[in-house]
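Each chain, letter by letter, is given below.
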Amino acid sequence: MNKLHDITRLITTTGLSDRDIASSLRVSKTTVGRYRALILEHEYGWPSLQHLSEFQLDALFNKRLRGFCIRRMPDFAKVHEELQTKGVTLALLWEEYRCAEPADALSYSQFTFHYREYRQSIDRSMRQSHRPGERCFVDFSGKKPSYINSKTQAVVTVELFVGALGFSSYYFALCVPTQTVVDWIEAHIRMFEYFEGVPLLVVPDNLKAAVIKAAAIPYLNRTYRDFAAHYDFGILPARKRRPQDKAKAEQGVQHLQRWILARLRHRQFFSLEELNQAVHELLDDVNQRPFKKMPGSRKSRFEEFDKPALLPLPAQRYEWAEWCAEQKVGPDYHVLVKGHWYSVPHQLVRERVEARVTAHSVEIFHQACRVAVHPRDDTPGLPSTDRNHMTPNHQSYAERTPENYLSWANKIGPYSTAIVEKLLANRAAVLGFAACDQLRKLARQYGESELEQAAQRAVQIQSLTLKSIRSLLSTGRHRHELNMQQRQGSLPLHHNVRGANYYNSTPESPAPQEDEEDGDVA
């Protein structure tokens, strides 16, 4: 068709033969003869043909060569819709189409050809425009790098995280062990620190670390939502099975696979840190490469447009936290988190709470309000109890320790302390707790000053017992001055009182005596 204009010009304006025209234009002599016959039949002249385009000449001379059998064309819109159903193929749809009227049906090759033409007519790419600092597209690479474990010599496969800013196409890449939420969050933190700012929106794929359930309104991962709140950015997941929503990430993954992973294919690494160092060096080279169709590079566009528009980094780096499933508070007002028991206010018994676990603390929430904070303790089976969470009775019982009893006695006085020390001086101090409780009860009943005086008298008479303290307080004898000599001198003198001299010498056996009246021997 591209030589038809020259063929008609030579036929109508020269006397060259068909052979000469065919030889000069390198076409078939039969083709030239057929065109000459059509020109003579319709009496076409060069003035009427020279203004026609190649397509118009083709339609004028070759319309008689079109097929006369008109084939029945299927509804390709319906064919395209049917193909969205799982298990439906083009071969099946062609057989169903052909069974209706085989005589005028398209062949399978023509059926697939026309369907591909239809697909090209409906597939259009929308060129997206991004504002500086507005969006960042993130994804994992399907092609995975690896390194060799220096101890076991085993090949360890890792994930390549890729981030791309929408306006400048400025890239970030990092190798992480897995696609779990821990590594997902860590990769985001490192990316924001590499950008030295935070974009307004982050567009992820629908992996579980970001989206628990994809829907019209997706259900986001709880930890990822907390992370976004800490860095003050929005999460806009790509639609399910719509990779065009994150075309920048898809292009970035492909670009970095070619310019980073492909260039590292012959190198061996023996740690994740060593691998990331090599990736970082090549990443800087990729970002500094000049564009082919516009001035500058990704680095220069980032510095000029994206970086000034990014939000500032928060003052404190995000501390990774994990949310545990809701659970009901038991009657002991403790909940089990990571194998350890943590207390909550006793008023929440039979209520449902959830825990947020960080590397150093455990926070417990009830109806989105934080009700308890504990230092993290990974000792299995043991409790961590805040006394403020206990009932008043439980608080009193929990305070029954030797240290608390001695601290209470020290506030009263040294003699009360001596009494408490004596009560607790058992092989097991718990055996003296009941007596110490009674002593505290006496302090509330008679007053602490009275108890201290009674304790002083008990120490003086060397009777450091609860019974002596109670007797002294009930009789009031602790208020009277103690005079041991006077009390000893007031004893009556008679022959039954032997005196101290009796015990200083060995007495002789007494001789038998006769009763004066009866004469009996005593």
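Just so it is clear, the structure is predicted and the values come from calculations on it, not from any experiment.

J.: Any chance you could break down the overall build of the protein chain for me, citing the residues and the numbers?
T.: The number of helices and strands found in the protein chain is 21 helices and 17 strands. Counting over 522 residues, the protein chain shows a buried share of 36%. In the form shown here, the protein chain has an accessible surface area of approximately 33,100 Å², with 51% of it arising from carbon and sulfur atoms.

J.: Summarise a negative patch on the surface; cite the residues concerned and give the values.
T.: Where like charges cluster on the molecular surface, the negative patch consists of Glu81, Glu82, Glu95 and Glu96. Of all the secondary structure elements, the ones that give two or more residues to the negative patch are helix H6 (76–82) and helix H7 (90–100). Within the secondary structure, Glu95 sits in helix H7. In this structure Glu95 comes out as partly exposed when scored by relative accessible area, which is 45%.

J.: Which residues make up the sheet that holds strand E12 (residues 334–337), and what values go with them?
T.: As summarised here, the arrangement of the 3 strands in space is E12-E13-E17, forming an open sheet in which the pairing is mixed. Of all strands in the sheet, those with a lone pairing partner are E12 and strand E17 (383–384), marking the two edges. Inspection of the sheet shows E12 paired to strand E13 (residues 340–343) by 4 bridges, in the antiparallel sense. Paired with Val335 across the bridge in E13 is Tyr342.

J.: Outline the environment of Lys299, listing residues and values.
T.: Note on placement: Lys299 falls in helix H13 (residues 298–309). The contact partners of Lys299, leaving out residues within four places of it in the chain, are Tyr170, Asn287 and Gln288.

J.: Give a description of the packing of helix H1 (residues 4–13) against helix H5 (residues 54–62) that names residues and reports values.
T.: At a minimum axis distance of 9 Å, the contact between H1 and H5 shows a crossing angle of 70°. Relative to H5, H1 is oriented roughly perpendicular. Facing H1, whose interface residues are Leu4, His5 and Thr8, H5 presents Glu54, Leu57, Asp58 and Phe61. Broken down by class, the residue content of the contact of H1 with H5 amounts to 3 nonpolar, 2 polar and 2 charged.

J.: Describe the pattern of salt bridges, listing the residues and the values that go with them.
T.: Under the definition given, this model contains 20 salt bridges. Where Glu186 meets Arg317, a salt bridge forms, and the shortest distance between an N and an O atom there is 3.4 Å. Of this pair, Glu186 sits in helix H9 (residues 181–195) while Arg317 sits in the loop between H13 and strand E10 (321–323); the two residues are 131 residues apart in sequence, bridging distant segments of the chain. Take Glu186: its relative accessible area is 29%, and that puts it in the partly exposed class. Across the pair Arg289 and Asp285 runs a salt bridge whose closest N-O atoms are separated by 3.4 Å.

J.: For the sheet that holds strand E9 (residues 234–235), give the residues involved together with the corresponding values.
T.: In a beta sheet, neighbouring strands pair by backbone hydrogen bonds and run either parallel or antiparallel. Pairing is mixed across the open sheet formed by 5 strands, whose spatial order is E5-E4-E1-E6-E9. Of all the strands in the sheet, just strand E5 (171–176) and E9 have a single pairing partner and so form its edges. As paired strands, strand E1 (residues 135–140) and strand E4 (residues 159–165) are joined by 5 bridges and run antiparallel to one another. By the bridge assignment for E4, Val138 is matched with Gly163.

What counts, and where the lines are drawn
- Residues numbered from 1 in each chain as written.
- Predicted model: local features only at pLDDT ≥ 70, side-chain atom pairs only at ≥ 80, totals over all residues.
- Heavy atoms only, no water.
- Helix = DSSP H or I, 4+ residues; strand = E, 2+ residues; numbered from the N terminus.
- Buried < 20%, exposed > 50% of the residue type's maximum accessible area, 1.4 Å probe, protein only.
- Areas by Shrake-Rupley, 256 points an atom, 1.4 Å probe, with all protein chains shown as cover.
- Patch = residues over 30% accessible without salt bridge, like charges linked within 9 Å, V, L, I, M, F, W, Y side chains within 5 Å.
- Salt bridge = Lys/Arg side-chain N within 4 Å of Asp/Glu carboxyl O.
- Lys, Arg positive; Asp, Glu negative; His and termini not counted.
- Charge placed at Lys NZ, Arg CZ, Asp CG, Glu CD.
- Pairing = 2+ DSSP bridges.
- Contact = heavy atoms within 4.5 Å.
- Axes fitted to C-alpha atoms, helices over the stretch in contact; angles between N-to-C directions.
- Parallel < 35°, antiparallel > 145°, perpendicular 65-115°, else oblique.
- Nonpolar A, V, L, I, M, F, W, Y, C, P; charged D, E, K, R; others polar.

Everything listed is a geometric property; what it means functionally is a separate question.
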